[in-house]
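Here is how the chains run, residue by residue.
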Amino acid sequence: MSVELESTCLVTRESRRLGFRIEPSLELVLTLAAVWGALTTYALCPWKLRLLGRELQKSEISEYLRGPTSAPEKPQFHPIRGTDTLLTNSLAAVATRAVDETPQRILILGDSMIEGLLPRLADYSRENGHSLNAVIWYASRTIDWAQGTRLAEVLNAYRPTFVMVVLGSSELRVREVDKREALVEQMLRAIGARKLVWIGPPNWTRDTGINALIQRCVGKGRFFRSAELSFERKRDGVHPTLTSSKHWMDVAAKWIVESSDVPIKLSTPVTSGAPRPKVKVFAPPS
């Protein structure tokens with residue numbers, strides 16, 4: 001730096017000796033240029049200078065001339081405190097279904113398939129604080145429950161808040177299945193606004209359309225289709241064994257909680273062997 005300043009001064013003195021007169025403004029420009037050159041040279045050189053015991057700070061011009069030595073760091077985004085928690089809670093709220101955890105008065109009614117489901121349903125009821133009653137009408141069909149006053153009578157007697165209908169096994173091979181639609185609709189009107197789940201028949205043969213009809217009337221969110229499940233059967237080849245019925249009830253309970261339109265509290269029972277609830281039995285229709 002001192003060399004360039006000295007050169008500038010020599011140029012100025014030599015110009016004066018030869019008789020040339022340099023304007024003060026030009027002299028200032030030359031001096032500033034010399035200073036700028038000195039600073040740039042110092043900034044680019046690897047060594048450092050100390051003046052009066054202090055290191056001279058280098059200009060950042062070297063960073064500009066050399067260009068960046070590495071890729072620019074990506075900006076870091078930090079959410080406002082609390083927003084990440086709110087988002088997590090919102091997603092959890094969307095993912096969590098509104099399960100009704102209040103104790104229910106459960107009434108299961110229908111045909112003989114109830115016998116296999118009842119012991120496990122009793123375990124679920126005891127585990128989750130529900131009361132349970134059952135009405136079994138052997139070999140009954142939708143036409144039997146829709147006609148007469150029997151359905152209204154059992155609903156008035158037990159005043160259920162949650163109704164489980166187990167019906168359709170005696171109608172797998174029925175002809176003119178569409179005529180059953182009015183009967184199912186009549187049953188639904190009798191049950192009214194109560195929570196309802198219809199447990200479809202455990203098909204042992206291909207049906208003529210009763211499953212599709214019931215699902216159409218009841219709605220997919222209230223109809224548990226059992227037709228495609230695998231069952232071990234009793235000797236009659238129709239009714240699932242007690243062990244198979246236990247699994248059937250477990251799958252249905254899981255569906256009620258996770259997929260149905262009327263989810264209630266049905267935590268898996270820790271113990272089994274709950275007392276058999278009171279069961280009202282009707283003889284097969286004549």
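Refer to the structure presented above.
Description of the structure in this document. Residue positions are given per chain, counting from 1 as you read along its sequence in written order. This being a predicted model, a pLDDT of at least 70 is required before a residue's local features are given, and a value of 80 or more before pairs of side-chain atoms are given or counted; all residues contribute to the totals for chains, interfaces and linings. Hydrogen atoms and water are omitted, and side-chain values are computed over all heavy atoms in the structure.

### Focus on the pairing of strand 3 (residues 105-110)
Only protein chains enter the accessibility calculation, which uses a 1.4 Å probe; a residue whose area is less than 20% of its type maximum is buried, one above 50% is exposed, and one in between is partly exposed. Put simply, DSSP marks the helices as runs of H or I at least four residues long and the strands as runs of E at least two long, and each gets a number from the N terminus on. A large share of strand 3 lies buried, amounting to 5 of its 6 residues. Two strands pair under a simple rule: DSSP has to find at least two bridges between them. With 6 bridges connecting them, strand 3 and strand 4 (residues 131-137) associate as parallel partners. When the sheet's bridge partners are listed, Ile108 is paired in strand 4 with Ala134. Pairing of strand 3 with strand 5 (residues 162-166), which is carried by 5 bridges, proceeds in the parallel orientation. Paired with Leu109 across the bridge in strand 5 is Val165.

### Comments concerning the sheet that holds strand 7 (residues 223-224)
Reading across the sheet, the 6 strands line up as 7-6-5-3-4-8 and stay open at both edges, with parallel pairing between neighbours. Whereas interior strands pair on both sides, the edge strands pair on one side only; in this sheet they are strand 7 and strand 8 (279-282). Only heavy atoms matter for contacts: two residues are in contact if any of them lie within 4.5 Å across the pair. Axis geometry follows a simple rule: fit a line to the C-alpha atoms, using only the stretch in contact for helices, then measure angles between N-to-C directions, giving values from 0 to 180 degrees. Against the sheet, helix 7 (residues 150-158) makes contact with strand 3, strand 4, strand 5 and strand 8, and its axis sits at roughly 160° relative to strand 3, the strand it touches most.

### Topic: helix 9 (residues 210-218)
Regarding helix 9, the residues found buried are Ile210, Asn211, Leu213, Ile214, Cys217 and Val218. For helix 9, the arc enclosing every buried residue in end-on projection is 165°, short of the 170-degree limit, so these residues lie on one face. Looking at the buried side of helix 9, the elements it contacts are helix 8 (181-191), strand 6 (195-199) and strand 7. Among the residues trailing helix 9, Gly219 stands out with phi positive, at a value near 105°. When we speak of the arc, we mean the arc of directions from the helix axis to the C-beta atoms.

### Details of the pattern of salt bridges
The working definition used for a salt bridge is a side-chain nitrogen of Lys or Arg within 4 Å of a carboxyl oxygen of Asp or Glu. This model, assessed by the stated rule, comprises 9 salt bridges. Residue Lys195 pairs with Asp100 through a salt bridge whose shortest N-O separation is 3.1 Å. With Lys195 in strand 6 and Asp100 in the loop between helix 4 (83-95) and strand 3, the pair connects residues that are 95 residues apart, well separated along the chain. The class for Lys195 is partly exposed, based on a relative accessible area of 24%. The partner of Asp123 in a salt bridge is Arg120, with the nearest N and O atoms 3.7 Å apart. Placement of both Asp123 and Arg120 in helix 5 (residues 114-128) is noted, with a separation of 3 residues, approximately one turn of the helix. The buried category is assigned to Asp123, whose relative accessible area is 5%. By relative accessible area, Arg120 is classed as buried at 8%. In the salt-bridge network here, residues are joined through shared partners; they are Arg120, Asp123 and Asp250.

### Some points on the nonpolar core
Nonpolar cores were defined as sets of buried Ala, Val, Leu, Ile, Met, Phe, Trp, Tyr and Cys residues, with membership established by side-chain atoms within 4.5 Å. By size, the foremost hydrophobic cluster in this structure holds 30 residues, and its most contacted members are Ile108, Phe162, Met164, Ile199, Met249 and Ile256. Taken together, the elements giving at least two residues each to this core come down to strand 3, helix 5, strand 4, strand 5, strand 6 and helix 10 (242-258). Leaving out residues up to four positions away in the same chain, Met164 has contacts with Ile106, Leu107, Ile108, Leu109, Leu121, Val197, Ile199, Met249 and Ile256. Grouped together as the second largest cluster of nonpolar side chains are 29 residues, Val163, Leu172, Ile214 and Phe282 included.

### Some details on the packing of helix 8 against helix 9
Across the interface, helix 8 lies against helix 9 with an axial gap of 10 Å and an inter-helix angle of 40°. Compared by their axis directions, helix 8 and helix 9 come out oblique. Crossing geometry of helix 8 relative to helix 9 is assigned as right-handed. Here Glu181, Val184, Glu185 and Leu188 of helix 8 lie close against helix 9, whose contacting residues are Leu213, Ile214, Arg216, Cys217 and Val218. Looking at side-chain class alone, the contact of helix 8 with helix 9 contains 6 nonpolar, no polar and 3 charged residues. Here the angle decides the label: under 35 degrees means roughly parallel, over 145 means roughly antiparallel, 65 to 115 means roughly perpendicular, and every other value means oblique. When the near helix sits turned anticlockwise from the far one by under a right angle, the crossing is termed left-handed; a clockwise turn instead gives a right-handed crossing. All amino acids are sorted into three groups, where Ala, Val, Leu, Ile, Met, Phe, Trp, Tyr, Cys and Pro are nonpolar, Asp, Glu, Lys and Arg are charged, and the leftover types, Gly among them, are polar.

In short, shape yes, function no, at least from these values alone.
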